[in-house]
Structure formats: C-alpha cells, structure tokens
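# Commentary on secondary and tertiary structure
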Amino acid sequence: MRPVVPYVTAALLFGLGVFGVLRRRNAVLVLMAVELMLNAVNLILVTADTTVRAQLPHAGQVFALFVIVLAAAEIGVGLAIVLQLYRLRASVAVDEVPLTEAPTPVPAGVAGVAADRSAAGTTGGVDGPEVRG
Amino acid sequence: MTGADLLLLALGAVAVGAGVLVVSTKHLVRAGLYLVVCLGALAGDYLVLTAELVAWVQVLIYVGAVVVLLLFAVMLTRAPIGASDDLDRPGWPAALIGGGSGLGLAVLLVDAFRWSRVELPTAGTADRLGEQVFRSWVLPFEVLSVLLLAALVGAIVLSRPDIGRPGPVRSATPAAGDEGGRA
C-alpha cells in the first residue's frame, strides 16, 4: 500500500474545505465545508494509524472516533445557532450578519419603557425588524 | 500498484470529485447529497485501510445523522429548491487560500512519504480498537460523553427563546400576549 495516495486525498479535501468555508455565503454550506475539513483530518489520522508505528496501538483510529463524536456535537450546536440566526434575521447569509450591534434589535430598556408605545415596536424585539419589513 | 492502491486511488478520486461539487454546486440540496457521496467514499477508504469500526461509525454518524441534520437545516431555513446564484461570494482570495493550503499540504506529505510502501496490517481491528478505547483512552471517552451532554443542553438553550434571557423576555411577555390577542 502506498500511503501517499490517502495522504494526498486528505490534503486536497482539506483545501476544498478551506475554499468552501471562505467562498460560501450560506451558513449551512459553510457547515458542510467544515465537515469536509474534519473528514480530511480523520483520513490523515486513520492513514497514520496504519502507516506509522506508534507506542500505543490504534491511537489514530481512536482519535478518528473522537473527532467524529466532536463533529456530531459541533453540527448540533452549529445548526441551533444557524436556525436562531434565521429566526432573528430571516436570512442565513454569513456576510450579512452584523457584528457590531447588539444581538437583539431592540434593547431591553427601550422595550420595557416603550412597551405601551406600540405593539409593533416591542414585537420587533422578538421577531426582528427584517421579518416584518 | 496493488489492488489496495487502485481502490484507494479510485475512492480518493470519488471523494475529491464529490468534495469539489459540494463546494461549487448551485443547488443547496444537491450539496448535501454530494456530501453523502464524499463521506461514503471516505468510509470505503477506511475499510481499505483496515479501520472497519471507524468506517461503520462514519456511515452511521456522518451519513446517517449529520447529513440528515444538514438537510433538515436546509429545509428549515426555507432554502430555494432550484439553482440559486447568491450562494457564493466572488472568490479569488478563497481559491487562493484554499488551493494554497491544499496543495501546500499535499506537497509536504508527498515530500515526507515519497513513493514508499507499507504493508497493511491484518484486517479485523475492531476488538483491539475497543480494547484500546476502554483501556488507554477511557478517561477522554467519558469526557466526550459529558461534552455530548453539554452540546445537547446548549442546543436546547440556544433554540428556546424563553431560556437564558431574563430581562428583555419578561418585559416583552405582555407584548407577546398582546400580539396573540390581536392575531
């Protein structure tokens, strides 16, 4: 077995993952590209397990299993964040996320004081103004 | 070139080709389905590399759970069904960085391993792997179970709007009731 074949496959997959993370605008597609990168690392670990003699046997495969579990946890939390973003902004484009303003569009004090002003102003704090506008 | 080499080459080509389609297709749902092809080819790679347990865990968790979750997210965010043009940024820097890192890593690994030859170990490593997991790596294994629990609780807290925001939610509760009354 020539170990260079799976190693080069893993390197190319990692490059594709980096490209996808930087290129895509949709947050779900960004998560898919992150999965590509994690799988490239897994392939490196499994190939190293069969080709490099280690002190503990099968440490590479154990690490690959751990990375798979970590990827499952990551995708769960990541999708929860993406769905919350969609609920707030009605869009999952990662370059339209404002990083400099507060996460809720209406601040707490304003919402409490102006609760009687209009129902539209306060429900904007829950749904986001973009949904309504 | 032995049979294992040819299999690894073919599966690697399938994986890389499907990966290219994942990061370049204009259909959101098709990106998820190409991801299935890519992950399945990688599971075949693991089988050839005598890592059967990792291969089947890959099929179970990645192809079975992660891709289904991603497709759920595609549906829940009301993604367009057909081709859409606004999925990509104009991407010369992305191509530069991604291609540079991928090809750079490939050159490094080719330089490290050249065209050397390694004998594959005998197949059937699942029992030895389980022995290792429950002997040398049992503490990280247990920590991972705590991490999965934390991720579960975190996902629930993130997706329920009435947990974890004490100030604004309570003041907005009558407004929500008002909205319900108006509707």
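Residues numbered from 1 in each chain as written. Chains lettered and ligands numbered in written order. Predicted model: local features only at pLDDT ≥ 70, side-chain atom pairs only at ≥ 80, totals over all residues. Heavy atoms only, no water.

### A closer look at the overall build of chain B
Inclusion rule: Numbering of helices and strands starts at the N terminus; helices are DSSP runs of H or I of at least 4 residues and strands are runs of E of at least 2. Relative accessibility under 20% of the residue-type maximum defines a buried residue, over 50% an exposed one, and the middle range a partly exposed one, all with a 1.4 Å probe and only protein chains included. Should any heavy atoms of two residues lie within 4.5 Å, those residues are considered in contact.
For chain B, the helix and strand inventory stands at seven helices and zero strands. Taken from N to C terminus, the helices and strands of chain B fall in the order α-α-α-α-α-α-α. The buried share among the 183 residues of chain B stands at 34%. Contacts spanning at least 24 positions in sequence make up 63% of the contacts within chain B whose residues lie at least 6 apart.

### Description of the environment of Ala 93 of chain A
Residues and elements named next belong to chain A. Here Ala 93 shows up in the loop between α3 (59–89) and α4 (108–113). Assessed through its relative accessible area of 11%, Ala 93 is described here as buried. Sequence spacing of Ala 93 and Arg 24 is 69 residues, and the spatial spacing of their C-alpha atoms is 8.7 Å.

### Digging into helix α4 (residues 92–113) of chain B
Residue and element names in this part refer to chain B. The following threshold applies: A helix is expected to span 1.5 Å multiplied by its residue count minus one. It is the directions from the helix axis to the C-beta atoms that the arc portrays.
Taking 1.5 Å per residue, 22 residues should reach 32 Å; α4 reaches 31 Å between its end C-alpha atoms and fits that length. Residues of α4 that are buried include every one of Ala 94, Gly 98, Gly 102, Ala 106, Leu 109 and Phe 113, and no others. One side of α4 carries all its buried residues, which in axial view fall inside an arc of 65°. Opposite its buried face, α4 presents the exposed residues Trp 92, Pro 93, Leu 96, Leu 103, Val 107 and Leu 108, each directed more than 90 degrees away.

### Some points on the packing of helix α2 (residues 27–51) of chain A against helix α2 (residues 28–48) of chain B
Relative placement of two packed helices is described by the angle separating their axes and the distance separating the axes. The condition that has to hold: Lines fitted to C-alpha atoms define the axes, with helix axes restricted to the stretch in contact, and inter-axis angles between N-to-C directions lie between 0 and 180 degrees. Under this scheme an angle from 65 to 115 degrees is roughly perpendicular, one under 35 degrees roughly parallel, and one over 145 degrees roughly antiparallel; angles in between are oblique. By the convention adopted, Pro, Cys, Tyr, Trp, Phe, Met, Ile, Leu, Val and Ala count as nonpolar, Lys, Arg, Asp and Glu as charged, and the other residues, Gly among them, as polar.
Between α2 of chain A and α2 of chain B, whose axes approach to 11 Å, the crossing angle comes to 5°. By the angle class used here, α2 of chain A and α2 of chain B are roughly parallel. Seen from α2 of chain A, the contacting residues are Leu 29, Met 32, Leu 36, Asn 39, Asn 42, Leu 43 and Val 46 of chain A; seen from α2 of chain B, they are Leu 28, Ala 31, Gly 32, Leu 35, Cys 38, Leu 39, Leu 42, Asp 45 and Tyr 46 of chain B. When grouped by side-chain class, the residues that make up the contact of α2 of chain A with α2 of chain B number twelve nonpolar, three polar and one charged.

### With respect to the packing of helix α1 (residues 4–23) of chain A against α4 of chain B
Selection rule: A crossing counts as left-handed when the near helix is turned anticlockwise from the far one by less than a right angle, and as right-handed when that turn is clockwise.
Two elements in contact, α1 of chain A and α4 of chain B, have axes separated by 7 Å at closest approach and are oriented at 165°. If you check the angle between α1 of chain A and α4 of chain B, you find them roughly antiparallel. The two elements α1 of chain A and α4 of chain B cross, and the hand of that crossing is right-handed. Contacts between α1 of chain A and α4 of chain B involve Val 4, Tyr 7, Val 8, Ala 11, Leu 12, Phe 14, Gly 15, Val 18, Phe 19, Leu 22 and Arg 23 of chain A from the former and Ala 94, Ala 95, Ile 97, Gly 98, Ser 101, Gly 102, Leu 103, Leu 105, Ala 106, Leu 109, Val 110 and Phe 113 of chain B from the latter.

### Notes on the nonpolar core
In summary, soluble globular proteins display a tendency toward joint burial of nonpolar side chains. Worth spelling out the cut-off: Think of a nonpolar core as a cluster: buried Ala, Val, Leu, Ile, Met, Phe, Trp, Tyr and Cys residues, connected wherever their side-chain atoms sit within 4.5 Å.
Among the nonpolar cores identified, the biggest contains 69 residues, and Leu 13, Met 32 and Leu 36 of chain A together with Leu 35, Val 54 and Leu 70 of chain B are the most heavily contacted of them. Listed by contribution, the elements that provide at least two residues to this core are α1, α2 and α3 of chain A together with α1 (3–24), α2, α3 (52–76), α4 and α5 (126–135) of chain B. Residue contributions to this core peak at twelve residues, all from α3 of chain A. In contact with Leu 70 of chain B, not counting residues within four places along its chain, are Val 28, Leu 31, Met 32, Ile 75 and Leu 79 of chain A together with Leu 35 of chain B.

### Here we look at the UniProt feature "transmembrane region" (unreviewed entry) in chain A
Defined as follows: UniProt positions are given in the numbering used here, feature names are shortened, and annotations may be inferred rather than shown by experiment.
Feature annotation in UniProt assigns "transmembrane region" (unreviewed entry) to the following positions: residues 6–22, 29–48 and 60–83 of chain A. End-to-end, the C-alpha atoms of residues 6–22 of chain A are 24 Å apart, and along that stretch the chain is 100% helix and 0% strand.

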